[in-house]
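# Structural overview for review
Here are the chains, one letter per residue:
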Amino acid sequence: MKLAGVLVCLLFWTVREGEARPPCNYPPAQWCSSPEIATACQVEHQCMEYQRKKDADPVMISLYYESLCGACRGFLVLQLFPTWLTLNDIMNVTLVPYGNALERNESGKWVFSCQHGEQECTGNMIECLQIYEPLLPWDNIENCVNGDLGNKLMHHNAELTRALNPPHEYVPWILVNGKHTEDLEDEAMNSLFNLICNTYSGVKPKACAKPKGLNSFPKCMI
Ligand SMILES: *[C@@H]1O[C@H](CO)[C@@H](O)[C@H](O)[C@H]1NC(C)=O
Ligand SMILES: *[C@@H]1O[C@H](CO)[C@@H](O)[C@H](O)[C@H]1NC(C)=O
């Protein structure tokens, strides 16, 4: 009996809530002009995204790394990728695979040697091609790894890595809005998610209300 009463009340309340929504008698140009209109026109979420984009620049994350360094893989898989899935609206990621590699000019062609051997150079090359030429089919990637394009792009990554100021001392070497400090690096390694949420100066996305902590891996020293 009591339950039926509750249900009736609930139903009544739901119907009233339905009626309570004012009609959307506004042209689209005005939909984000106030929270009430956004609610009436059922575009609250879209307006929040729009506002966020207008508000502030995304947080720039630059990752200097190498393909076979355990800490780099850990950071990519456990921090960067999951954080990017949730916060891609407020972050902008630059990946520079090269890390502690070295290069030398052998009669006009760059020859690379990598900290974790030949396999790592190949890994870096594949990742560097997938970043710069994401639509390249796999067969072409294989040809390209040994060709001029791969060679040029990897040399570009070598230059970007050498241009770091201060120079990198280990990988992964993380820049937040172009800046590297030990504190930023530690925060990024512990929870990139929290770091992005805390650094972003615009209206925070809802996901930022739940901080996330994660583990870290030993870094790869030069
Ligand atoms: C991300 O940063 C790069 C480099 O500064 C810039 O060219 C690009 O437009 C930015 N992308 C977004 C979505 O902000
Ligand atoms: C690389 O070596 C070739 C010839 O060995 C030379 O012509 C070229 O200028 C060198 N490039 C750089 C950037 O040092």
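The notes below deal with the structure included here. Bear in mind that the values here come from a model prediction, so they are computed numbers and not experimental data.

By the definition in use, this model includes 2 salt bridges. Between Glu 103 and Arg 162 there is a salt bridge; the shortest N-O distance is 2.7 Å. On the criterion of sequence distance, the pair formed by Glu 103 in strand E3 (residues 102-106) and Arg 162 in helix H7 (residues 148-162) is long-range, its members being 59 residues apart. Given a relative accessible area of 16%, Glu 103 falls into the buried group. Of the residues examined, Arg 162 reaches a relative accessible area of 53% and is grouped as exposed. For the salt bridge of Glu 106 with Arg 104, the shortest nitrogen-to-oxygen distance reads 2.9 Å.

Attention now moves to the state of the cysteines. Simply put, the disulfide is a covalent bond whose two ends are the sulfur atoms of two cysteines. Applying the stated rule across the entire model yields 4 disulfides. The partner cysteine of Cys 24 in its disulfide is Cys 41, sulfur to sulfur 2.0 Å. On the sign convention where negative means left-handed, the S-S torsion of about 90° between Cys 24 and Cys 41 marks this disulfide as right-handed. With Cys 24 in the loop between helix H1 (2-20) and helix H2 (35-40) and Cys 41 in the loop between H2 and helix H3 (44-55), this pair connects stretches of sequence that are 17 residues apart.

Glancing now at the site of ligand 1. Taken together, Pro 58, Met 60 and Asn 92 form the complete shell of residues around ligand 1. Bound to the protein, ligand 1 loses 25% of the 360 Å² it would expose on its own.

This part is about the nonpolar core. Proteins that are soluble and globular tend to have nonpolar side chains buried together. Ile 61, Phe 75, Leu 87, Ile 174, Leu 192 and Ile 196 are the most contacted members of the largest nonpolar core, which has 27 residues in total. Counting residues per element, the ones that place at least two in this core are strand E1 (59-65), helix H4 (70-87), strand E6 (173-176) and helix H8 (182-199). Element by element, the count of residues in this core is highest for H8, at 8 residues. Excluding residues that lie within four positions of it along the chain, Ile 174 makes contacts with Ile 61, Ser 62, Leu 63, Phe 75, Lys 179, His 180, Glu 185, Ala 188 and Met 189.

Once that is clear, we can look at the site of ligand 2. As a matter of local geometry, ligand 2 sits amid Asn 105, Ser 107, Gly 108 and Trp 110. In this structure, Asn 105 approaches ligand 2 through a side-chain N or O atom, which is 2.5 Å from an oxygen atom. Backbone polar atom of Gly 108 to an oxygen atom of ligand 2: 3.5 Å apart, as the coordinates give it. When the free accessible area of ligand 2 is taken as 360 Å², the share hidden by the protein chains comes to 30%.

Here we come to a negative patch on the surface. A cluster of acidic residues, Glu 169, Glu 182, Asp 183 and Glu 187, forms a negative patch at the surface. Inspection of the secondary structure puts Glu 182 in helix H8.

Below, the discussion takes up the side chain of Ser 67. Looking at where Ser 67 falls in the secondary structure, it is placed in the loop between E1 and H4. Residue classification places Ser 67 among the buried positions, given a relative accessible area of 6%. Within polar-contact distance, the side chain of Ser 67 engages the backbone oxygen of Glu 120 at 3.0 Å. In this structure, Ser 67 is in contact with Arg 73, Glu 120, Gly 123, Asn 124 and Glu 127, ignoring residues within four places of it in sequence.

Once that is clear, we can look at the pairing of E1. Regular strands show a simple pattern: their side chains alternate between the two faces of the sheet. Taken across its 7 residues, E1 has 6 buried, putting it largely inside the fold. Note: E1 against strand E2 (residues 91-97), 7 bridges, orientation parallel. Across the sheet, the residue bridging to Val 59 is Met 91, located in E2. The handedness of the E1 to E2 crossover, carried by H4, is right-handed. Across 4 bridges, E1 lies against E6 in antiparallel orientation. If you follow Leu 63 over to E6, its bridge partner there is Ile 174.

Our focus in this paragraph is helix H5 (residues 118-132). When the terminal C-alpha atoms of H5 are compared, their 21 Å separation across 15 residues agrees well with the 21 Å that a helix rising 1.5 Å per residue should span. Buried within H5 are the following residues: Glu 120, Cys 121, Gly 123, Asn 124, Met 125, Ile 126, Cys 128 and Leu 129. Looking at the packing, one finds that the buried side of H5 touches E2, strand E4 (109-113), helix H6 (138-145) and H7.

Definitions and limits used
- Residues numbered from 1 in each chain as written.
- Chains lettered and ligands numbered in written order.
- Predicted model: local features only at pLDDT ≥ 70, side-chain atom pairs only at ≥ 80, totals over all residues.
- Heavy atoms only, no water.
- Salt bridge = Lys/Arg side-chain N within 4 Å of Asp/Glu carboxyl O.
- Helix = DSSP H or I, 4+ residues; strand = E, 2+ residues; numbered from the N terminus.
- Buried < 20%, exposed > 50% of the residue type's maximum accessible area, 1.4 Å probe, protein only.
- Disulfide = S-S within 2.5 Å.
- Near = heavy atom within 4 Å.
- Areas by Shrake-Rupley, 256 points an atom, 1.4 Å probe, with all protein chains shown as cover.
- Core = buried A, V, L, I, M, F, W, Y, C linked by side-chain atoms within 4.5 Å.
- Contact = heavy atoms within 4.5 Å.
- Polar contact = N/O pair within 3.5 Å; in protein donor to acceptor, adjacent residues only side chain to side chain.
- Patch = residues over 30% accessible without salt bridge, like charges linked within 9 Å, V, L, I, M, F, W, Y side chains within 5 Å.
- Lys, Arg positive; Asp, Glu negative; His and termini not counted.
- Charge placed at Lys NZ, Arg CZ, Asp CG, Glu CD.
- Pairing = 2+ DSSP bridges.
- Right-handed = clockwise from strand over helix to strand, strands pointing away.
- Expected span 1.5 Å × (residues − 1).

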